[in-house]
Structures are given as structure tokens and as C-alpha cells.
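Residue strings, one per chain:
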Amino acid sequence: MHRSLRLRSGGGSISFALGMPADEALDWLPVGDAAAALTSNAARQYGPAPATLKCGIARLQELRGIEADPDRTFVTSGSQHALSLIARLLLREGGCVFTTEFAYPNFHELARQCRVTVVPAVTTDVDLSALEEALTTHGRPALIYVMSLGHNPTGRSMSRAAIERIVGFAEDCGALVVDDDPYGLVSYTPERPSFVATGSDSVAGIGTLSKTLMPSLRTGWIDTSPALVSRLGAVREAAEIDTATVGHHLAASILDRIDIDRHVDRLAGFYR
């Protein structure tokens, strides 16, 4: 991935290798004014993500049909950081994870480093036979990794019925569904079903501002049960003292200065 970024930075090429936002879309954001407003020491010190950031995230969640709850929102330094924290918490050598036939390459890399078996058992339809067979063969998975909308790399999306069936399966076998959702808000379809919207504690939804605002903010989140939020906090503190404080304050300041609904609609229309 970093090799692709280096090649792109040299200019003279268009990369189809990464899910990078268009440079034109970055120009829409009031970054200068938002940065100039960061005058307090809160953006320079150790500290939690600002409450105003969680308010902005809540509005984005509402656009996905999710009833936001601050106690269920765990702010991270991007979605890859979120996925890494979940992996550190749940994956154990010799275990297994269920996912789709094709999946996000960095998820495969995490699974390889954790030495777990990746089982391609998830489909985008309502048929659970592959999941049930995998459960019989491999046992209970540590997690079920999905992308409900705009799947990377296939681009396919799941129906509400498929989502509900998979959540029911996860609840029955005691697994956690991890819905990695970087593209949900720039989906071309008017209906945007979500695993998190089911309200199940067997779901952890990962979101990011990298596609809707800009990647350099390094701002993402996990929407899951308060009990899992607490456990994730302990895992993070063992790896880092704080999150990306300046980026999180800048993200909150940008969100405070834009009409989020209009911005998301404009993005979806632009990419269409």
C-alpha cells in the first residue's frame, strides 16, 4: 500500500489501487478556517477526543440510519487503527475468522500476523449455508468481517435481509460481526442498510472520515456495545497514550463549519 502511495506522489499517474478521495473533493473543505480556530491547549495536550467530534460523528451515523449513542462510540486514529485494535483484542493464534471470498487486503494481513485461519464463508445474499458449514468445520469464529456497502474489492452491497440473517447467526454462535464501512456515506444507492442499525451487541461498526472529509485527519470510530468499548480502551492504552489529538480537533472544527448533509450528497453526486 505504501509503495502505491509513493508512486502516486510522483505525479503523472492515476492510481486504481487505493480508495483515495479525489483531490477536488478535498478542496471543498474549510481547512484553513478550521485550523485557525484551534487556539486552546486542548488540541495540543493529552486528552480524549473532543465532544464536538462525537456530535459530528453522530450526525454522520444518522445519515446511515443509525441512532448514535456517545457511550457506544469509540474514537480511533482511522479505520485501520480500529480494525487493528479489534484484532488485538479478539484474535488468538490458531483461531479462525469468517469473511467473504474476496476481502480487504489489510484484513488478510492482520489475520496473517495474528496467525488465524481466514475462512471465506460470508456471501451477500440471505443464504447462510456456507456460514453454517464453516461453523461445523472450523468452530466458532473470533469474528465475522464484512463490508455492508461498497465492498472492497467487489463493490457489492448487502441487503437488509442479508444483514439481519448474519446478525442472527452471530448472536446464536457468540461471534462478533465487524462491519468495516468506509464507503457507506458515498454509496450510490438511496437505501443504506447497516449492521450497526440492527442495535445488536454482537456488532462492531467501523467508520472513518477518510472518504467523507480527508485521510490525513486520521479519524475513525468503532460503534459497539459499551462493554466492548471499555475493553478496547484498555487495549489502546497498552499501545499508545493518546489518539491523534490535533487531527481529531481539526476534524471536529471542520465538521462544525460545513453542512454535513449537503456535503455528503455532493460527494455522492460527484463520485457517481
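Residues numbered from 1 in each chain as written. Predicted model: local features only at pLDDT ≥ 70, side-chain atom pairs only at ≥ 80, totals over all residues. Heavy atoms only, no water.

Draft legend 1. Structural detail: the packing of helix α5 (residues 79–90) against helix α9 (residues 226–239). Look at α5 against α9: their axes get within 10 Å of each other, and the N-to-C directions meet at 100°. Between α5 and α9, the crossing angle belongs to the class labelled roughly perpendicular. Here H81, L85, I86, R88, L89 and L90 of α5 lie close against α9, whose contacting residues are L228, R231, L232, V235, R236, A238 and A239. For the contact of α5 with α9, the residue count by class is 9 nonpolar, 1 polar and 3 charged. (Axes fitted to C-alpha atoms, helices over the stretch in contact; angles between N-to-C directions. Helix = DSSP H or I, 4+ residues; strand = E, 2+ residues; numbered from the N terminus. Parallel < 35°, antiparallel > 145°, perpendicular 65-115°, else oblique. Contact = heavy atoms within 4.5 Å. Nonpolar A, V, L, I, M, F, W, Y, C, P; charged D, E, K, R; others polar.)

Draft legend 2. A look at the layout of surface pockets. Space inside the second largest pocket adds up to approximately 260 Å³. In terms of lining, the second largest pocket is formed by 15 residues, of which the most central are P48, A49, F74, R236 and T243. Looking at the lining of the second largest pocket element by element, the count peaks at 4 residues for α9. (1 Å grid on protein atoms, 1.4 Å probe; cavity = no way out; pocket = protein on both sides within 12 Å on 5 of 7 lines; lining within 4 Å. Points joined across faces, edges and corners; volume = space filled by probe spheres on them.)

Draft legend 3. How the structure looks around the nonpolar core. Counting residues in hydrophobic clusters, the biggest one holds 26 residues, and the most contacted among them are L83, I86, L143, Y145, V178, I222 and L232. Broken down by element, this core gets its largest block of residues, 6 residues, from α5. Sequence-distant contacts of L232, that is, excluding residues within four places in its chain, are made with F74, L85, I86, L89, I222 and T224. Core analysis: the next-biggest nonpolar cluster, separate from the first, contains 23 residues, V146, I166, F169 and V177 among them. (Core = buried A, V, L, I, M, F, W, Y, C linked by side-chain atoms within 4.5 Å. Buried < 20%, exposed > 50% of the residue type's maximum accessible area, 1.4 Å probe, protein only.)

Draft legend 4. Representation of empty space enclosed by the protein in the model. Taken as a whole, this structure holds 2 cavities of 30 Å³ or more when the rule is applied. Roughly 140 Å³ of volume is contained in the largest cavity. Lining the largest cavity are 18 residues; nearest its centre among them are Q61, D181, I206, G207 and W221. Counting only elements with at least two residues in the lining of the largest cavity, the list comes to α4 (51–63), β6 (203–208) and β7 (220–223). Counting residues per element, the lining of the largest cavity draws most heavily on β6, at 4 residues. Estimated volume of the second largest cavity: approximately 40 Å³. Forming the walls of the second largest cavity are L60, T212, L213, L255, I258, I260, H263 and V264. Residues of the lining of the second largest cavity, tallied by class, amount to 6 nonpolar, 2 polar and no charged.

Draft legend 5. Looking closely at the pairing of strand β2 (residues 96–100). Burial of β2 is extensive: 5 of the 5 residues sit out of reach of the surface. Pairing between β2 and strand β3 (residues 117–122): 5 bridges, direction parallel. Bridging across to β3, C96 finds its partner in T117. Handedness of the crossover joining β2 and β3 through helix α6 (residues 105–114) is recorded here as right-handed. Where β2 and strand β4 (residues 143–146) come together, 2 bridges link them in parallel fashion. Directly across from V97, in β4, lies its bridge partner L143. (Pairing = 2+ DSSP bridges. Right-handed = clockwise from strand over helix to strand, strands pointing away.)

Draft legend 6. View of the pattern of salt bridges. In the structure shown here, the tally under the stated rule is 7 salt bridges. In this structure, E93 and R115 form a salt bridge, with 3.8 Å as the shortest nitrogen-oxygen distance. Here the residue E93 occupies a position in the loop between α5 and β2, and R115 occupies one in the loop between α6 and β3, the gap between them amounting to 22 residues. The same class applies to E93 and to R115, which are both exposed. Residue E109 is joined to R112 by a salt bridge in which the shortest nitrogen-to-oxygen separation is 2.6 Å. Of the two residues, E109 and R112 both sit in helix α6, 3 residues apart, roughly one turn of that helix. Since its relative accessible area comes to 30%, E109 is described here as partly exposed. The exposed category is assigned to R112, whose relative accessible area is 53%. (Salt bridge = Lys/Arg side-chain N within 4 Å of Asp/Glu carboxyl O.)

Draft legend 7. Representation of the pairing of β7 within the structure. Here β7 shows two buried faces, one formed by G220 and I222 and the other by W221 and D223. The pairing of β6 with β7 spans 4 bridges and is classified as antiparallel. Note that in β7 the partner of I206 across the bridge is I222.

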